[in-house]
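Next come the chains, spelled out residue by residue.
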Amino acid sequence: MAKRKRPVDQTRAFYACNAENYAKHNPSPGFTEQREGFAAQLPPGASVLDLGCGGGHDSLALLKQGFKVTSLDGSPELASIAQTRTGQDVIVADFLDLKFTNEFDAVWAAASLLHVSSNDLNEVFAKVVRSLRPGGIFKASFKEASQDWTDDLGRYFCAMDVPKLVQLLKASGFEAVTIESHPGVGSDGKVTQWIWGTGFLQGKSSIKASASS
Ligand SMILES: C[S@@+](CC[C@H](N)C(=O)[O-])C[C@H]1O[C@@H](n2cnc3c(N)ncnc32)[C@H](O)[C@@H]1O
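Predicted model, so just to flag it, every value in this text is computed and none were measured. (Residues numbered from 1 in each chain as written. Predicted model: local features only at pLDDT ≥ 70, side-chain atom pairs only at ≥ 80, totals over all residues.)

This brings us to the environment of R130. Turning to its location among the elements, R130 is positioned in helix α5 (residues 121–131). Residue R130 is classed as partly exposed on the basis of its C-beta count, with 13 C-beta atoms lying within 10 Å. Counting along the chain gives 27 residues from R130 to E103, while the straight-line C-alpha distance between them is 8.4 Å. Residues in contact with R130, not counting those within four places in the same chain, are F100 and T101. (Helix = DSSP H or I, 4+ residues; strand = E, 2+ residues; numbered from the N terminus. Buried ≥ 20, exposed ≤ 12 C-beta atoms within 10 Å, placed from the backbone. Contact = placed C-beta atoms within 7 Å.)

One open sheet accounts for seven strands, arranged β3-β2-β1-β4-β5-β9-β8; its pairing is mixed. Every interior strand has two partners, whereas the edge strands, β3 (90–92) and β8 (175–185), have only one. Averaged over all neighbouring strand pairs, the angle between strand axes comes to 15°, with direction disregarded. In this sheet, strand β2 (residues 68–73) lies alongside strand β1 (residues 47–51) in parallel orientation, the contact comprising five bridges. Bridge pairing in β2 links D50 to S71. (Pairing = 2+ DSSP bridges. Axes fitted to C-alpha atoms, helices over the stretch in contact; angles between N-to-C directions.)

Laid out in structure tokens, this is it:
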């Protein structure tokens, strides 16, 4: 009997087959604004992990601002495009296999952790925490949805809403948690609401926390 593909495998297959097209798209204005707000909170030369870097647009923008950027993606096809775009090595790894300890001042996860199975989100957030230095900042975006779902392109998305994101961040150990939200159009052409969560780890750092909730 043929084995049924798991939703996360279908997502992987989508990025493998559509890497070139996907990587051609520039981040939408809402995303650029979020990245600029994130970058403005970092001290000069901060070390940033671009988690789920896709085609590397954000990695390149952050590199140009003088940050020390480590780019990581689970898709070898997209990682190769990001490598060409940024001119530096890109790590190919699954979010569940993150092995960094105390290495980054900041983790940027734009529209990437939304593909993590709801059952695995706590584990991935714990690995993000382990990757960060004391006082480190984490910013991640998700599509707002009341339940796990699959889009018309076959990509899996975990359920996420503001209370759940706040709870996940706080339960993982983040403080000064803030949420921002804006509408956007996904690769499937559909309008969705994006929610961004930002949190800080306890500890001394020169990173600027903005208003907290
Ligand atoms: C919607 S794209 C976003 C890419 C990029 N951050 C951007 O804003 O353009 C999602 C990215 O997450 C990566 N991804 C999805 N699931 C992953 C996993 N479990 N481990 C590592 N990367 C994953 C995909 O390969 C893809 O590059």
